[in-house]
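# Architecture and fold: a report
Spelled out, the chains give:
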Amino acid sequence: GAVLRRAASGGHGAHPGQGQGEPSPSGSPSGSARPQPPEPWLLRFLVCPLSKRPLRYEEATNELINEELGIAYPIIDGIPTMIPEAARNTQKQQQPSGEGSEQP
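Residues numbered from 1 in each chain as written. Predicted model: local features only at pLDDT ≥ 70, side-chain atom pairs only at ≥ 80, totals over all residues. Heavy atoms only, no water.

Put simply, the test is: UniProt positions are given in the numbering used here, feature names are shortened, and annotations may be inferred rather than shown by experiment.
Looking at an unreviewed UniProt entry, the protein chain carries the name Protein preY, mitochondrial, with the source organism given as Todus mexicanus. Its UniProt record gives the protein chain a comment under Sequence similarities (unreviewed entry), which states: "Belongs to the PREY family."

### Remarks on the nonpolar core
Defined as follows: We call a set of buried Ala, Val, Leu, Ile, Met, Phe, Trp, Tyr and Cys residues a nonpolar core when their side-chain atoms join them within 4.5 Å. A simple rule labels every residue: compare its accessible area, found with a 1.4 Å probe on the protein chains alone, to the largest value its type can have, and call it buried under 20%, exposed over 50%, or partly exposed in between. Strands are runs of DSSP state E lasting at least 2 residues, helices are runs of H or I lasting at least 4, and numbering of each runs from the N terminus. Any two residues whose heavy atoms approach within 4.5 Å at even a single point are treated as in contact.
Within the largest apolar cluster, seven residues are counted, these being Leu46, Cys48, Leu55, Leu64, Ile71, Tyr73 and Ile75. Sort the elements by how many residues they give to this core and strand S3 (residues 71-76) lands first, with three residues. Setting aside chain neighbours within four positions, we find leucine 64 in contact with Leu43, Leu46, Leu55, Arg56, Tyr57, Ile71, Ala72, Tyr73, Ile75, Pro80 and Met82.

### Observations regarding the pairing of S3
Which entries qualify depends on this criterion: Here the rule is simple: two strands pair whenever DSSP picks up at least two bridges between them.
As judged from the four bridges shared by strand S2 (residues 63-66) and S3, these two strands associate in the antiparallel manner. Bridge pairing in S3 links asparagine 66 to isoleucine 71. Joining the antiparallel neighbours S2 and S3 is a turn of four residues, in which glycine 70 adopts a positive phi near 70°. As paired elements, S3 and strand S5 (residues 88-89) share two bridges and run antiparallel to each other. Of the residues in S5, the one forming a bridge with isoleucine 71 is asparagine 89. Where S3 meets strand S4 (residues 79-80), two bridges bridge the pair, whose relative direction is antiparallel. Bridged to isoleucine 76 within S4 is isoleucine 79. Counting the residues that bridge the hairpin from S3 to S4 gives two residues, and of these aspartate 77 lies at a positive phi of roughly 55°.

### Section: the side chain of threonine 81
Looking at where threonine 81 falls in the secondary structure, it is placed in the loop between S4 and S5. Leave out the neighbours within four places in its chain, and threonine 81 touches Tyr73, Pro74, Ile76 and Ala86.

Following this line, the structure appears as C-alpha cells:
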C-alpha cells in the first residue's frame, strides 16, 4: 500500500517547467575542464556487467577498461556509463562481428 500512496501523491504540485533555470553543478563545459574520475571507493565495487569481473580505470582516456573482453566503458561527468552498448572496443585485431570497426 505504501508504494501506491507514494505514487499517487508524487505528482501533485510539480510542473514540468519548474527548476529548469538553475545552473548545473559543474558550471563549466566538459571540454574545458579535466575529465572527472570516479570516486576511488566506488571503483572497488564496480564490475563489468557482461563478465562480472573487476575493471581498471584508465586516466588517459577516462574510461573503465575490461581487458579480458577488450572493451572500455566511458566515464561522463564522473559517472561511469556501464551500458554494454556504450562500451568501446579496445582490441586492435579485426573482429568477425565488427560493427562500427574502422578496418580498411
